[in-house]
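Report on the structure
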Protein chains: 2
Amino acid sequence: MSPRSTVRGPRSGFLRPEVARLPGYSPGEQPSDPGWVKLNTNENPYPPSPRVLEALRAVGPDLRLYPHPDAEPLRGRIAAFLGLSPERVMVGNGSDELLSILVRGTVGSDGGLAIPTPTYTLYETLAASTGARLSQVPFAADWSLPEAFDRAASRARLVLLANPNSPSGTVVPAERVEVLARAVRGLVAVDEAYVDFAERGCRELLDRLPNVVLLRSFSKSFSLAGARIGALAGPADLVAGLRPLKDSYNVSRLAIAAGVAALEDLAWMRRNADRIRATRERLSAGLRALGFEVPPSQANFVLAIGRADARPIHEALKAKRILVRHFDSPRLRDALRITVGTDEETDRLLAELERIGRVGGGGAA
Amino acid sequence: MSPRSTVRGPRSGFLRPEVARLPGYSPGEQPSDPGWVKLNTNENPYPPSPRVLEALRAVGPDLRLYPHPDAEPLRGRIAAFLGLSPERVMVGNGSDELLSILVRGTVGSDGGLAIPTPTYTLYETLAASTGARLSQVPFAADWSLPEAFDRAASRARLVLLANPNSPSGTVVPAERVEVLARAVRGLVAVDEAYVDFAERGCRELLDRLPNVVLLRSFSKSFSLAGARIGALAGPADLVAGLRPLKDSYNVSRLAIAAGVAALEDLAWMRRNADRIRATRERLSAGLRALGFEVPPSQANFVLAIGRADARPIHEALKAKRILVRHFDSPRLRDALRITVGTDEETDRLLAELERIGRVGGGGAA
């Protein structure tokens, strides 16, 4: 196991005070020994396309050379996939890098960042690390975006909207995102890391709104979390202006080769996304039968909301070598975020949850 | 060819004003067609170890999983290579990423950054992007560090020292770096991207000075510019404090595999570094025979200083499909930075330079 403690010793006196106060983002546990059912970090249970592994096997002596500064030919392929011109796309070392560049480039210590909550916890870390003012408005009880959010976000320089949202898995429809984008004067960045598992996304908004940015990831639907590939798409002048903030060679030749090969086998990605969607519906039904409330998910994970602190269930599952995610915040304390694994993994999880419920382990039922 | 224009169209109104003003770092040209003698970006002319390519061929379905957040087992291997404990090391997506994190973590808009000049142009870009005050003091005529630098740097929060320096290739001895580190109250970061081509480095200073940081790269001596692997080594509390500024999974599984394999074949790296050193001496002697002044280089490139603007030589070489680097700044206008290639490439370069000189092409002689 690789526990990632947030406890720190004394801070270095060379750090900026704001940085020394940062708690940091705690990613989910990554066990290094085999045998775990790993449903805690929203990885794809199916391997990447064989073409990706072939492309990596073909990498040769050119690894001695720097990659293309704009990650060509991958940038062009992503642009074509999105139906955009290449200068509207920036490729990143994972979409996390692009989120960081976007916040540093548009917000800074004098601006405001608005997010609905609960959401991807990285957004808060990015706000803290730049000193940005953070406006947080809770999602409604049904995980829709309340009108109060538009008002709170109206003067922010940047709105970050994970859509589908994590950890709820829910989607704000494109029509509602458009209303938001027209109500605010800053940028609206729609983080579509999970969009390939959803019915539809917000791509169309790029064609008619000058203040919308999309983020995409190869980590989930393309089964490439280990390769670190993300993309940002937006107005060409914004993309050009953010370019000096990225490292000159931020995407490796290996990531470029992997990403290009993945896009050459879209059928592989779509088949896996279909299987995950089918398993997701079975998982959601199974969890509801056990007494959990499960918001309708359009991602590759679900949120299972119980009636008491879910930490004991998390621990009981961990004792059985099943990892799920528990967030220690008021709205999420009674919930677990569970990645959609294979059908076999899902069966094992549901059986364990049923057993835990029967022995009175703090379950939902 | 991939010309990287610094000319920009209108800037997006969503950018922070400081960011909209950034010129950006212009990396050297990366031709995509074969047949070029590429001596402009300090890449290694020899391929990476066969073990690296084998390790990449062995990458399999685990690519669907996120990498270790601290890039283990690579972090541990780098720490062992440097004779340090792992918590004193941070691995990055190239050392450029770590330089960016270091500047953001220690300087910010309220602090000062000091550099001797001319040096790696990224440092100036990083200062501009954070709004840091930049103190620049020229190297002495013999490329030693003048005492005036210590005074100018005394109150800076961070000193960045490329050592060996680019574009001069010269080294500031560890004893002189120690004097500097004891004279300033901020951090002194020694960027040792080229140290494997030098007689010795500053590793020893980490054992006795609390304000020294080293940066290392796998791009040059390990022939892995395309894989993006760098390392930062410093006090454990500083490394821990910088950690929230890095992306959670900043080093891919591919880079981890490549870096581990490269460190398992140090003999490969050292043999190539030896060959490059031998060629460097021959290149330096050849350039001096043509009338160029060549500071004693301890890197995998040399600076050839002529007596007139070297741009015409740069262009004449480019017409012969030989790329070298020309910097349009007062002290470097008459100079070319030339990467040490293979012996054959070096012969071809020297022959072309001699021909250009004979036809009166603005040469040094």
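Attention here is on the structure that accompanies the text. Quick caveat: nothing in here was measured; it's all calculated off a predicted structure.

Before going further, it helps to examine helix α10 (residues 266-289) of chain B. Residue and element names in this part refer to chain B. Taking 1.5 Å per residue as the helical rise, α10 with its 24 residues ought to reach 34 Å, and the 35 Å between its terminal C-alpha atoms agrees with that figure. Within α10, the full set of buried residues consists of Met269, Asn272, Ala273, Ile276, Thr279, Arg280, Leu283, Ser284, Gly286 and Leu287. In this fold, the buried residues of α10 make contact with β9 (301-305), β11 (335-339) and α12 (343-358). Once α10 ends, the next one or two residues include Gly291, with phi positive near 100 degrees.

All names here are of chain B. Across the sheet, seven strands lie side by side as β2-β8-β7-β6-β5-β3-β4; this open sheet has mixed pairing. At either margin of the open sheet sits one strand with a lone partner, and together these are β2 (89-92) and β4 (133-138). The sheet shows a mean angle of 20 degrees between the axes of neighbouring strands, taken without regard to direction. Taken strand by strand, helix α7 (residues 174-183) contacts β5 (158-162), β6 (187-191) and β7 (212-217), and its axis lies near 155 degrees from that of β6.

To continue, consider the relation of the copies chain B and chain A. When chain B is fitted to chain A, the residual RMSD is 0.0 Å, and the transformation amounts to a turn of 180 degrees plus an axial shift of 0.0 Å. Here the transformation between the copies is reduced to the relation of a two-fold axis. Across chain B, the rotation axis passes nearest the C-alpha of Arg57 of chain B, at a separation of 2.2 Å. By residue overlap, the copies meet face to face through one surface: 100% of the interface positions of chain B are interface positions in chain A.

All names here are of chain B. Between α10 and α12, the shortest axis-to-axis distance is 10 Å and the interhelical angle comes to 5 degrees. In terms of orientation, α10 and α12 fall into the roughly parallel class. Facing Thr279, Arg282, Leu283, Gly286 and Leu287 of α10, the residues of α12 in contact are Asp343, Thr346, Asp347, Leu349, Leu350 and Leu353. Of the residues assigned to the contact of α10 with α12, the class counts are five nonpolar, three polar and three charged.

What follows deals with the interface of chain B and chain A. Chain B puts 80 residues into the contact, and the matching count from chain A is 80 residues. For the pairing of chain B and chain A, the buried interface totals around 6700 Å² over both sides, and the portion due to carbon and sulfur atoms is 57%. Among the residues chain B hides against chain A, the three largest losses belong to Phe14, Arg64 and Tyr66 of chain B. Together they make up 13% of the total. Counting the contacts that link chain B with chain A gives 28 residue pairs in polar contact (both at pLDDT 80 or more). Those elements that provide at least two residues to the side of chain B that touches chain A are α2 (50-57), α4 (95-106), α5 (122-130), α8 (236-242) and α9 (253-263) of chain B. For the side of chain B that touches chain A, the residue count by class is 35 nonpolar, 26 polar and 19 charged.

Criteria and thresholds
- Residues numbered from 1 in each chain as written.
- Chains lettered and ligands numbered in written order.
- Predicted model: local features only at pLDDT ≥ 70, side-chain atom pairs only at ≥ 80, totals over all residues.
- Heavy atoms only, no water.
- Helix = DSSP H or I, 4+ residues; strand = E, 2+ residues; numbered from the N terminus.
- Expected span 1.5 Å × (residues − 1).
- Buried < 20%, exposed > 50% of the residue type's maximum accessible area, 1.4 Å probe, protein only.
- Contact = heavy atoms within 4.5 Å.
- Pairing = 2+ DSSP bridges.
- Axes fitted to C-alpha atoms, helices over the stretch in contact; angles between N-to-C directions.
- Least-squares fit on C-alpha atoms with pLDDT ≥ 70 in both.
- Parallel < 35°, antiparallel > 145°, perpendicular 65-115°, else oblique.
- Nonpolar A, V, L, I, M, F, W, Y, C, P; charged D, E, K, R; others polar.
- Buried area = accessible area lost by both parts, 1.4 Å probe.
- Polar contact = N/O pair within 3.5 Å; in protein donor to acceptor, adjacent residues only side chain to side chain.

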